[in-house]
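Analysis of the macromolecular model
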Amino acid sequence: MNTSTNIVYLIALPLFSSALLMLLGRKADKWGHIFATLISASAFFVGVTEFFAMRSRPEEARAVTQKLFTWISVGDFQVDASLLLDQLSIAFVLLITGVGTLIHIYSIAYMSHDRDRRRFFAYLNFFIAAMLLLVLGDSYLNLYVGWEGVGLASYLLIGFWNQKPEYATAAKKAFVMNRVGDFGLSIAIMIGFATFGSVSFSGIEEKVGGAGETALTAMGLMLLLAAAGKSAQFPLQAWLGDAMAGPTPVSALIHAATMVTAGVYLITRSNFIFDNAPTAQLAVVMIGIITLLFGAVIGTAKDDIKKALAASTMSQIGYMILATGFGPAGYAFAIMHLLTHGFFKAGMFLGAGSVMHGMNDEVNMRKYGGLAKFMPITSITFGLGYLAIIGVPPFAGFYSKDKIIETAFNAGGVQGVIFGGAALLGAVITAFYMTRVMLLTFAGNKRWASDAHPHESPFLMWAPMAVLAIGSVASGYLLYSGKAIVKWLAPVVDKDHHEHVEFLPPIVVTTLAIVAVLIGVSIALLKYRGEQSDSAPSDVSIWTRFARRDLLQDDANEFLFMRPGQEVTKALVVTDERVIDGAVRGVAASAVGSARGLRKLQTGYVRNYALLILIGAALILAAIWVVTI
Amino acid sequence: MGFTAPVLEYSALAPMLVIFAAAVIGVIVEAFTSAKLRPSLQLAIALGAVILSFTQVITLRGTTTTTVAMESVVVDGPVLFLQGTILVLAFLGLLLIADFEQFAAQASAIPGSPEEEVATKTGKVQTEIYPLTLFAVGGMMLFPAASDLITLFVALEVLSLPLYLMAGLSRRRRLLSQEAALKYFLLGAYSSAFFLFGSAFLYGFAGKVSFQGIHNVITSGPGNDVFLLIGLAAISVGLLFKVGAVPFHAWTPDVYQGAPTAVTAFMAAATKVAAFGAALRIYYTAVSGAVWSWRPLLIVIAIITMIVGSLIAISQRDVKRMLAYSSIAHTGFLITGILALNQSGITATLFYLATYGLTTMGAFALVSLVRDASGEVTDLNRWVGLARRSPQLALIFSLFLLSFAGIPLTAGFIGKFSIFSAAYENGAISVVVVGVLASAIAAFFYIRVIVMMFFAEPGSDSVSVIIPSRYTMSVIWVAAIVTLLMGVFPGPLLDLIGSLSTLVR
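Residues numbered from 1 in each chain as written. Chains lettered and ligands numbered in written order. Predicted model: local features only at pLDDT ≥ 70, side-chain atom pairs only at ≥ 80, totals over all residues. Heavy atoms only, no water.

Secondary structure summary: chain A contains 24 helices and three strands in total. Seen along its three principal axes, the alpha-carbon backbone of chain A occupies a region of about 100 × 60 × 50 Å. Within the span of chain A, comprising 629 residues, buried residues form 56% of the whole. Here the analysis covers contacts within chain A between residues at least 6 apart in sequence; of these, 80% occur between residues at least 24 apart. Of the charged side chains in chain A, 46 are positive and 41 negative, and the gap between their average positions amounts to 8 Å. (Helix = DSSP H or I, 4+ residues; strand = E, 2+ residues; numbered from the N terminus. Buried < 20%, exposed > 50% of the residue type's maximum accessible area, 1.4 Å probe, protein only. Contact = heavy atoms within 4.5 Å. Lys, Arg positive; Asp, Glu negative; His and termini not counted. Charge placed at Lys NZ, Arg CZ, Asp CG, Glu CD.)

Next up on the list: the overall build of chain B. Along chain B, the regular secondary structure elements total 20 helices and five strands. A compact globule built from 505 residues would reach a C-alpha radius of gyration of about 23 Å, and chain B, at 22 Å, matches this within 12%. Projecting the C-alpha coordinates of chain B onto the three principal axes gives extents of approximately 70 × 55 × 40 Å. Counting only residues that meet the buried cut, chain B has 64% of its 505 residues in that class. (Rg over C-alpha atoms; globule rule 2.2 N^0.38 Å.)

All names here are of chain A. Per the stated rule, a full pass over the model turns up 18 salt bridges over all chains. Asp242 is the salt-bridge partner of Lys173, the closest N and O atoms lying 2.6 Å from each other. Here the residue Lys173 occupies a position in helix α6 (residues 165-196), and Asp242 occupies one in helix α9 (residues 239-242), the gap between them amounting to 69 residues. With a closest N to O distance of 3.0 Å, Lys403 and Glu406 form a salt bridge. (Salt bridge = Lys/Arg side-chain N within 4 Å of Asp/Glu carboxyl O.)

Once that is clear, we can look at the packing of aromatic side chains. Counted according to the given criterion, the structure contains 40 aromatic pairs over all chains. A ring pair is formed by Phe398 of chain A and Tyr399 of chain A, whose centres lie 5.4 Å apart and whose planes are at 70 degrees; its orientation type is edge-to-face. Using a relative accessible area of 18% as the deciding quantity, one classes Tyr399 of chain A as buried. Between Phe413 of chain B and Phe417 of chain B the ring centres are 5.9 Å apart and the planes differ by 25 degrees, which places this aromatic pair in the stacked class. Pair noted here: Phe413 of chain B and Phe417 of chain B are both in helix α17 (residues 411-425), with a separation of four residues, about one helical turn. Each residue in the set Tyr164, Tyr184, Phe185, Phe241, Trp251, Tyr256 and Phe364 of chain B is aromatic and connected to the rest through ring pairs, giving one cluster. We note Arg179 of chain A situated over the ring of Phe175 of chain A; from NZ or CZ to the ring centre the distance is 4.7 Å. Stacked on the ring of Tyr605 of chain A, the Lys or Arg Arg607 of chain A has its end atom at 4.3 Å from the ring centre. (Phe/Tyr/Trp six-rings, centres within 6.5 Å; stacked < 30°, edge-to-face > 60°. Lys NZ or Arg CZ within 6 Å of the ring centre and 35° of its normal.)

Take the nonpolar core next. Residues Phe143 and Phe397 of chain B are the most contacted members of the largest nonpolar core, which totals 201 residues. Looking at this core, the element that brings in the most residues is helix α11 (residues 261-286) of chain B, giving 19 residues. In this structure Phe397 of chain B touches Val319, Ala363, Leu366, Val367, Trp383, Val449 and Met453 of chain B, once residues within four positions along its chain are discounted. Of all hydrophobic cores here, the second largest spans 190 residues; its members include Leu124, Val285, Leu350 and Phe395 of chain A. (Core = buried A, V, L, I, M, F, W, Y, C linked by side-chain atoms within 4.5 Å.)

Below, the discussion takes up the sheet that holds strand β5 (residues 464-465) of chain B. Residues and elements named next belong to chain B. Strand order in the open sheet formed by three strands is β4-β3-β5, with antiparallel pairing between adjacent strands. Each end of this open sheet is capped by a strand with a single partner; those strands are β4 (375-376) and β5. Taken together, the two bridges between strand β3 (residues 370-372) and β4 define a ladder with antiparallel strand orientation. Looking across to β4, one finds that Asp372 is bridged to Gly375. (Pairing = 2+ DSSP bridges.)

Further remarks concern the interface of chain A and chain B. At the junction of the two partners, chain A supplies 28 residues and chain B supplies 41 residues. When chain A packs against chain B, close to 3,000 Å² is buried across both sides, 79% of that on carbon and sulfur atoms. Of all residues in chain A, the largest losses of buried area upon contact with chain B belong to Ile613, Ile620 and Ile624 of chain A, amounting jointly to 20% of the total for that side. Counting every contact that joins chain A to chain B gives zero salt bridges. Joining chain A to chain B, the criterion identifies two residue pairs in polar contact (both at pLDDT 80 or more). Ranked by residue count, the leading element in the side of chain A that touches chain B is helix α24 (residues 606-628) of chain A, at 15 residues. (Buried area = accessible area lost by both parts, 1.4 Å probe. Polar contact = N/O pair within 3.5 Å; in protein donor to acceptor, adjacent residues only side chain to side chain.)

Taken as a whole, chain A is organised into domain 1 (1-138), domain 2 (316-548) and domain 3 (557-628). Of note, the centres of domain 1 of chain A and domain 3 of chain A, computed from C-alpha atoms alone, are 49 Å apart. (Domains from an automatic or database assignment.)

Residues and elements named next belong to chain A. Between helix α2 (residues 32-56) and helix α3 (residues 87-110), the shortest axis-to-axis distance is 9 Å and the interhelical angle comes to 155 degrees. It follows that α2 is roughly antiparallel to α3 by the angle criterion. The interaxial crossing formed by α2 with α3 has left-handed handedness. Of the residues in α3, those in contact with His33, Ala36, Thr37, Ser40, Ala41, Ala43, Phe44, Gly47, Val48, Glu50, Phe51 and Met54 of α2 are Gln87, Ile90, Val93, Leu94, Thr97, Gly98, Gly100, Thr101, His104, Ile105 and Ile108. Of the residues assigned to the contact of α2 with α3, the class counts are twelve nonpolar, ten polar and one charged. (Axes fitted to C-alpha atoms, helices over the stretch in contact; angles between N-to-C directions. Parallel < 35°, antiparallel > 145°, perpendicular 65-115°, else oblique. Left-handed = near helix turned anticlockwise from the far one by under 90°. Nonpolar A, V, L, I, M, F, W, Y, C, P; charged D, E, K, R; others polar.)

What follows concerns the environment of Lys172 of chain A. Residues and elements named next belong to chain A. Mapped onto the secondary structure, Lys172 falls in helix α6. Exposure remark for Lys172: the relative accessible area of 54% places this residue in the exposed category. C-alpha separation for the pair Lys172 and Tyr155, spaced 17 residues apart in sequence, amounts to 7.0 Å.

To continue, consider α24 of chain A. For α24 of chain A, spanning 23 residues, the distance from its first C-alpha to its last is 33 Å, which sits close to the expected 33 Å at 1.5 Å a residue. When we look at burial in α24 of chain A, the residues that qualify are Tyr609, Ala610, Leu612, Ile613, Gly616, Ala617, Ile620 and Ile624 of chain A. Check the buried side of α24 of chain A and you find it contacts α7 (174-206), α9 (225-243), α10 (251-258) and α12 (291-314) of chain B. (Expected span 1.5 Å × (residues − 1).)

A cluster of nonpolar residues, Leu68 and Phe69 of chain A together with Leu409, Trp477, Ile481, Leu484, Leu485, Val488 and Phe489 of chain B, forms a patch on the protein surface that exposes about 770 Å² of accessible area. Mapped onto the nonpolar patch, the elements with two or more residues apiece are β2 (64-74) of chain A together with α19 (470-488) of chain B. Per-element tally for the nonpolar patch: the top contributor is α19 of chain B, with five residues. (Patch = residues over 30% accessible without salt bridge, like charges linked within 9 Å, V, L, I, M, F, W, Y side chains within 5 Å. Areas by Shrake-Rupley, 256 points an atom, 1.4 Å probe, with all protein chains shown as cover.)

To continue, consider the packing of α7 of chain B against α10 of chain B. All names here are of chain B. Across the interface, α7 lies against α10 with an axial gap of 8 Å and an inter-helix angle of 145 degrees. The crossing of α7 and α10 is left-handed. Across from Leu176, Ser177, Ala180, Lys183, Tyr184 and Leu187 in α7, the residues of α10 making contact are Trp251, Asp254, Val255 and Gly258. Taken together, the residues of the contact of α7 with α10 break down into six nonpolar, two polar and two charged.

Let us look at the environment of Val226 of chain B. Looking at the secondary structure, you find Val226 of chain B in helix α9. The sequence separation of Val226 of chain B and Thr67 of chain B amounts to 159 residues, and the corresponding C-alpha distance is 29 Å.

Cis rather than trans, the peptide bond between Pro393 of chain A and Pro394 of chain A has omega equal to 0 degrees. Residue placement: Pro394 of chain A occurs in the loop between α16 (376-390) and α17 (396-410). For the peptide bond that leads from Val246 of chain B to Pro247 of chain B, omega is 5 degrees, which places it in the cis range. Unusually for a residue other than glycine, Asn360 of chain A sits at a positive phi of about 55 degrees. Here Asn360 of chain A lies in the loop between α15 (328-358) and α16. Note on Asn360 of chain A: relative accessible area 46%, which makes it partly exposed. Residues other than glycine seldom take positive phi values, yet Leu409 of chain B does so here, at roughly 75 degrees. Position of Leu409 of chain B among the secondary structure elements: in the loop between α16 (391-405) and α17.

Glancing now at the confidence of the model for chain B. With 96% of its residues at a pLDDT of at least 70, chain B reaches an overall mean of 87. Here β5 of chain B stands out as the element of chain B with the lowest mean pLDDT, 74, in contrast to helix α5 (residues 129-142) of chain B, whose mean of 94 is the highest. (pLDDT = per-residue confidence, 0-100.)

Secondary-structure assignment places Thr349 of chain B in helix α14 (residues 343-367). Contacts of Thr349 of chain B, omitting those with residues within four sequence positions, involve Leu280, Leu334, Gly337, Ile338 and Ile419 of chain B.

Attention shifts here to the environment of Val437 of chain A. Residue and element names in this part refer to chain A. Among the secondary structure elements, Val437 is positioned in helix α18 (residues 413-442). According to the relative accessible area criterion, Val437 is buried, its value standing at 0%. For the pair formed by Val437 and Tyr528, sequence separation is 91 residues and the distance between their alpha carbons is 9.5 Å. When neighbours within four sequence positions are excluded, Val437 is seen to be in contact with Ile305, Ala308, Met365 and Phe382.

Quick look at α3 of chain A now. Taking 1.5 Å of rise per residue, the 24 residues of α3 of chain A would be expected to cover 34 Å, and the 34 Å separating its terminal C-alpha atoms lies within 8% of that figure. Within α3 of chain A, 22 of the 24 residues are buried, leaving the element largely enclosed by the surrounding structure.

Here it is as structure tokens:
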């Protein structure tokens, strides 16, 4: 494989900037945000350069590596800290640095009143560096470093306003739930190492043919657990809603466009594992379907605009995970949906931030209404994102989601119908709740708080939104015209060029998808047109209450894990005090006791020491004698 | 009877020759220059010699020379690495000594005598410490390079004699210091006798003093095995005394405590490097053919050394004594590296020696900064709450302790890990199990000190942290950075050692 010397700058630039801003402290307050933004932009520039360089190379020479240093070398086991830039990672690099830079620009204005803006930018840069390491590492171990890095960045940024205890709690919740997934990843790495003797992607891929399916399935399931943690998939989905405690640009960058899609990256990157472990693949599909419906249902009941968008993120990632479960037929579409989603969801989050900016940080959509007139640009960019996410042709989401639904049907037989049906149902609900968000926010009657004076946001905020809106419109067509993305990613995810069977003709699926959208939109129009109350109705069915309580996800966690966990902890504390501490104290006491005894040998008299040496010498001689005889 | 003039390969011996020459110059300077000029001149000579010698080691790094100086000295990868390590430690040690104003003004004066008082008051300070250090350094460099028993013994004495003297040079608590020196000398002489006795038996066994010759006789087998075994046992006593293995460890705490802290730092770090270098060579080359006889023995010694060192350290109330027992426990870990008897064992031992030496140097340097009106405070109870007085030093000391305990992300972890895995490869499982358990015990008292420094209320005692000059602080920083760096990026150093760790017979 070719080597390159430039890849490291992608990571080094933001990492350096982050360290600089943190080390300089308040001295960098005046220029820190500009500097961080420029650095992010230059990383994007490097990414674009690399992209065009890659495109100009023939297909087999596109992937390049860069070895930085030998990281671990113990006996035969060697791990290099090296980077791999191939067709898959460049897609992520462009997304991370591109959207990242836009969000940096947005944040300059959004965070302008925050006295810790420099620290915010330092964290953002750190996030960019960690996320790039995650997608550029050439082994699971390198990926793991980035994986933990983005987890840390996410924790720091969710709890950025940690003066509010509930925000700090939200950060902790995200961190703990992610930890569960991280265990999955570390166990997967261990299984991989035990089975293949390697932790690098290429090393494992080479030997994958020789491994038993049990090991592959176990590794696949553990990778899925990891993906579920990072990408807020069932059953580790509960943290994402609370993660909205972070500043809105963070929600847009980390909890919509990039970090939460790391699970999709992980599964796609591990295609060689999943393609040989059908059971694990089926599990991936199931998790994808459950989450996409779960998130969509929660989305219908949220009045908090950010939480509604978060639920939608969860659901959309469910689509991507679903697609990865279909193997080579689906990876490219998962990545395509990931990219288009990166545009429209980030755009909508920034739009939500812009609305909040104009409405004194109000997040309750019941207190909005009729904002289109006062925030024309925001409503247009948000609206374009809306059209994209529900899948109206020719907007971006239409192409990507349509292909996923099609792939689901192509699974064939009853399974295919169930998968495809579920994906279609998800599309109906998505259309419903997103229309609801649009109507409650931008249309209808004004339900503002008395001191609200909505106004359009400054240029620095709406410009990134506009750019993302262009992406929401055009990225689907660009990525899909001539099957560009499928061909582009084929060397990574579909090396054998599988023939994909068609279960239903594409035109039928497309029609079904459009019908699904129409149904969803119509129901929402019927229900939410005209005057709305400024508080949520309370005489609602049990199902609505379920949905409002996030389908009992927190209750389930509390009942299944927290309570038993607390009981176990209590029991453990007792055992710890009685048994373990007792034993430890006993051991410690006997250790101290024997230490005192031994100490008596240390008399300070040379004659005693000399005697000790003599005895030792005699014993050695005797011992050698015994051994020889 | 014909006499052949010895052939000396000066370039290969240059690192040692530079040091010895500088030591001799130092003696002359001590005799003929004025008291005012002496300290800085001596320091400059010593540091210059160390640097020059180090550059010589660097230029030699690629050489494949094997035996030089009439086959009495070996120059190979591990030797050069060990010599480099000793020189780095010597450099840092000299900086500490330069910073350390607590040496006796006149070592020969009787403690508390009028002569001593006068000398102290008038500032007529003698600086014999520098040439002494250089002689010791030269001996240490020769020790692992020696390839016959005579050279080995000479090197042992050259490195030991100056150390005996240096241990007695403390200005404060002179009697304790002199007692330590005398103890060290008596016991050292005693163990040297064992060593010499063993050498004689080995010569009786093989009819040769060179390691190569002994090895040949062991493998071809005409010798008298009784002679071999007695020789082996006695030589082991001598070596195990130098590295401070149980039951030949008794001098360590007394001497570490009594000696001036700068000397303790240098001695603890560099002697261990030299002695283990020599032990590696003897066990891996000269007597490797008789491994069946000494391996079980070393296994037992390693086990009791680790246990006794870790256990007694728990009950220590004095920082320097605690570090001394910790160094005994580390001796046990290092013997484990010798037991591994394979390439990775050599690599692991060399890595351990280099990083442990630096960490030890840093730890003792730091101890010398915590003082009250009457000098250093080594009583652990008075270190309580040190973190409030100097969070920076408390943090660094914690780093050193964590490295001693072998907590990941410190050099100590990588060292222990590589040593244990090397020993495990070669089936020394019992040692590895005990080693891990001993590490757990050891972690207890290291962490107890950290807790004391950070989480306990400071007493009313006025202990203060005094930073005399940049020298000591720079030593501490270097040690801290290396400890951390080698814990995070051990790769390059491990590679370097791996590339040169073939011992030449």
